[in-house]
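The chain contents come next:
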Amino acid sequence: MAWDPEKYREKRERVLGIQKKGISFSIMAAIVSVTILLGLGAVTVPNAVSLWQTRHLDDAIYRLTAGYAWPDQTLAGIRGMSGIKKVTKDHHGGRLVITFDRRRTGPEKFDRFLKEQGLFFALLNRVNHRQHQQITAEEKEAKK
Amino acid sequence: MKTVDHFIQVHDLVKTYADGAQLVTAVDQVNLSIDDGEFVTIMGQSGSGKSTLLSMLGALMRPTTGKVLVDSMDLYSLGKEQLADFRSEYIGFIFQSFQLIPYLTVLENVKLPMAVTILKKKTRQDMAMAVIDRVGLADKHDRLPDQLSGGEQERVAVARAIVNRPPLILADEPTGNLDSDTAAQIMALLESLNRDGHTIVVVTHNPETEAYASRNIRVKDGRVAV
């Protein structure tokens, strides 16, 4: 029987390490798996990082009981305190939201400082920063 | 890759050993070809070089000079891993001394060549049991080698040789340790494997095995006798 080059082609290619054209099932499965993992990672990693970075933050929400606007020098003074992340005004400037690291400072210090400034105010709420962001986002969504 | 006309082609094969200060030429300028599906015996007296020739056909021994082409592949130009793959894909070896692992059962011995394959456990089990059945030892698959007769041990060796479905079976004196009746059974088994499409090369010094082969090659003093 004459030699037939086709008869053992697959064996020969395995021995010689010749790659088949196209993508094998295992490579395709690996690509799909990696794509899914990267996609999930792109969604979950930023969230995880954000949660990690804000895990110690609280918001203290103040309202003036006399007067109409928070003086700029008061805001600057709070911003200069240790443990303060952000100071913002909302509700057209009537309320003050102080985002702070609860391990380093708290509303007692803010109250003391605001009294020293001769302001009349009320602490409306102290809430977890993430929870506050979520509530704010829901309120914005409800207004649309 | 070279274009060839035969499944196996041997060109100017030479194997020399250093025996002390003397150089021994075990195989001397051998040229031969074997076609796919042939049953060939290589006969010759002890020390004629026939086993050395078989080892070089099976990629077990690198020749001093010359070439062995199997399925168009020049064996001794392949790398180590390619040669190992070649042996796994193409060759089933049967040795005179059986070379069974004494502490493994028949089934485990037969499954050994598949240990390096990517086949599933169940597939390996099924393939091993199929060839054990083929050699007539299905009811003894859980025995250890020393619980079997010489002929049965040789059958296990045959089963192990064919379990990977190699196209080429190389047997070195497969009947050397067997009585004549058992030897005839083993040769009949090899004959049936040949009918199934395996190319078979048997090295032997037993003239009675000639009858089973489609061709006989005689080796004398390292050369193919004309």
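Calculation criteria
- Residues numbered from 1 in each chain as written.
- Chains lettered and ligands numbered in written order.
- Predicted model: local features only at pLDDT ≥ 70, side-chain atom pairs only at ≥ 80, totals over all residues.
- Contact = placed C-beta atoms within 7 Å.
- Nonpolar A, V, L, I, M, F, W, Y, C, P; charged D, E, K, R; others polar.
- pLDDT = per-residue confidence, 0-100.
- Helix = DSSP H or I, 4+ residues; strand = E, 2+ residues; numbered from the N terminus.
- Pairing = 2+ DSSP bridges.
- Axes fitted to C-alpha atoms, helices over the stretch in contact; angles between N-to-C directions.
- Expected span 1.5 Å × (residues − 1).
- Buried ≥ 20, exposed ≤ 12 C-beta atoms within 10 Å, placed from the backbone.
- Core = buried A, V, L, I, M, F, W, Y, C linked by C-beta atoms within 7 Å.
- Parallel < 35°, antiparallel > 145°, perpendicular 65-115°, else oblique.
- Left-handed = near helix turned anticlockwise from the far one by under 90°.

Attention now goes to the interface of chain B and chain A. Taken together, the 16 residues of chain B in the interface contact 13 residues of chain A. Its residues assigned to classes, the side of chain B that touches chain A comprises six nonpolar, four polar and six charged.

A few words now on the confidence of the model for chain A. The predicted model of chain A has a mean per-residue pLDDT of 87, with 94% of residues at 70 or higher. Mean pLDDT values over the elements of chain A span from 86, in helix α5 (residues 129-143) of chain A, up to 94, in helix α4 (residues 107-116) of chain A.

Residue and element names in this part refer to chain B. If you walk across this open sheet you meet the six strands as β6-β7-β8-β3-β9-β10, and the pairing is mixed. Edge strands, defined here as strands with exactly one partner in the open sheet, are β6 (91-94) and β10 (223-224). Packed on one face of the sheet, helix α5 (residues 150-162) meets β6 and β7 (168-172) and runs near 165° to β6.

With that settled, consider unusual backbone geometry. Trans peptide bonds make up most of the peptide bonds, and negative phi angles are found at most residues other than glycine. Residue and element names in this part refer to chain B. For alanine 59, which is not glycine, the phi torsion reads 60° and is therefore positive. Assignment of secondary structure puts alanine 59 in the loop between α1 (50-57) and β4 (65-70). Positive phi values are uncommon outside glycine, yet glutamate 173 reaches one of about 50°. Within the secondary structure, glutamate 173 is located in the loop between β7 and α6 (180-195).

Owing to its 3.6 residues per turn, the α-helix aligns residues three or four sequence positions apart on the same side. Residues and elements named next belong to chain B. Here α5 spans 19 Å end to end across 13 residues, near enough to the 18 Å set by a 1.5 Å rise per residue. Across the 13 residues of α5, ten count as buried, placing the element largely inside the fold. Residues of α5 that are buried: Gln153, Glu154, Arg155, Val156, Ala157, Val158, Ala159, Arg160, Ala161 and Ile162. Check the buried side of α5 and you find it contacts β6, α3 (106-111), α4 (121-134), β7 and α6.

Further remarks concern the nonpolar core. If you look at the biggest cluster of nonpolar residues, it comprises 62 residues, and the most contacted ones within it are Val110, Ile132, Ala159, Ile169 and Leu170 of chain B. When residues no more than four places from it in sequence are discounted, the contact partners of valine 110 of chain B are Ala128, Val131, Ile132, Val156, Ala159, Arg160 and Val163 of chain B. Counting residues in each nonpolar core, the second largest holds eleven residues, with Ala60, Trp70, Val87 and Phe100 of chain A among its members.

As a further point, take the packing of α5 of chain B against α6 of chain B. Helix packing geometry: the angle between the two helix axes and the distance between the axes. All names here are of chain B. Put simply, α5 and α6 touch, their axes get as near as 10 Å, and they point 15° apart. It follows from the interaxial angle that α5 and α6 lie roughly parallel. The handedness of the crossing between α5 and α6 comes out as right-handed. Residues Gly150, Gly151, Glu154, Arg155, Val158 and Ile162 of α5 form the contact with α6, whose own contacting residues are Thr182, Gln185, Ile186, Leu189 and Leu193.

On to the pairing of strand β9 (residues 215-220) of chain B, then. All names here are of chain B. Where strand β3 (residues 39-43) lies against β9, four bridges are found, and the strand directions are parallel. Across the sheet, valine 40 pairs through a bridge with arginine 215, a residue of β9. The turn linking β9 back onto β10 is made up of two residues, and aspartate 221 within it adopts a positive phi angle of 55°.

Let us now look at the confidence of the model for chain B. All names here are of chain B. Per-residue confidence for chain B averages 90 on the pLDDT scale, and 98% of its residues sit at or above 70. Highest mean pLDDT in chain B belongs to β4 (95); lowest belongs to α6 (89). Both confidence scores are given for the complex: pTM 0.64, ipTM 0.81.

All names here are of chain B. If you walk across this open sheet you meet the four strands as β2-β1-β4-β5, and the pairing is antiparallel. Where the open sheet ends on each side, the last strands, each with one partner, are β2 (22-34) and β5 (73-74). Both strand β1 (residues 8-19) and β2 contribute to a ladder of nine bridges, which runs antiparallel. By the bridge assignment for β2, lysine 15 is matched with valine 27.

Glancing now at the packing of helix α1 (residues 9-16) of chain A against helix α2 (residues 80-90) of chain B. Axis separation between α1 of chain A and α2 of chain B bottoms out at 8 Å; the angle between their running directions is 155°. Viewed along their axes, α1 of chain A and α2 of chain B adopt a mutual orientation that is roughly antiparallel. Handedness of the crossing formed by α1 of chain A with α2 of chain B: right-handed. Facing α1 of chain A, whose interface residues are Lys11, Arg14, Val15 and Leu16 of chain A, α2 of chain B presents Gln82, Asp85, Phe86, Glu89 and Tyr90 of chain B. Residues belonging to the contact of α1 of chain A with α2 of chain B are distributed by class as follows: four nonpolar, one polar and four charged.

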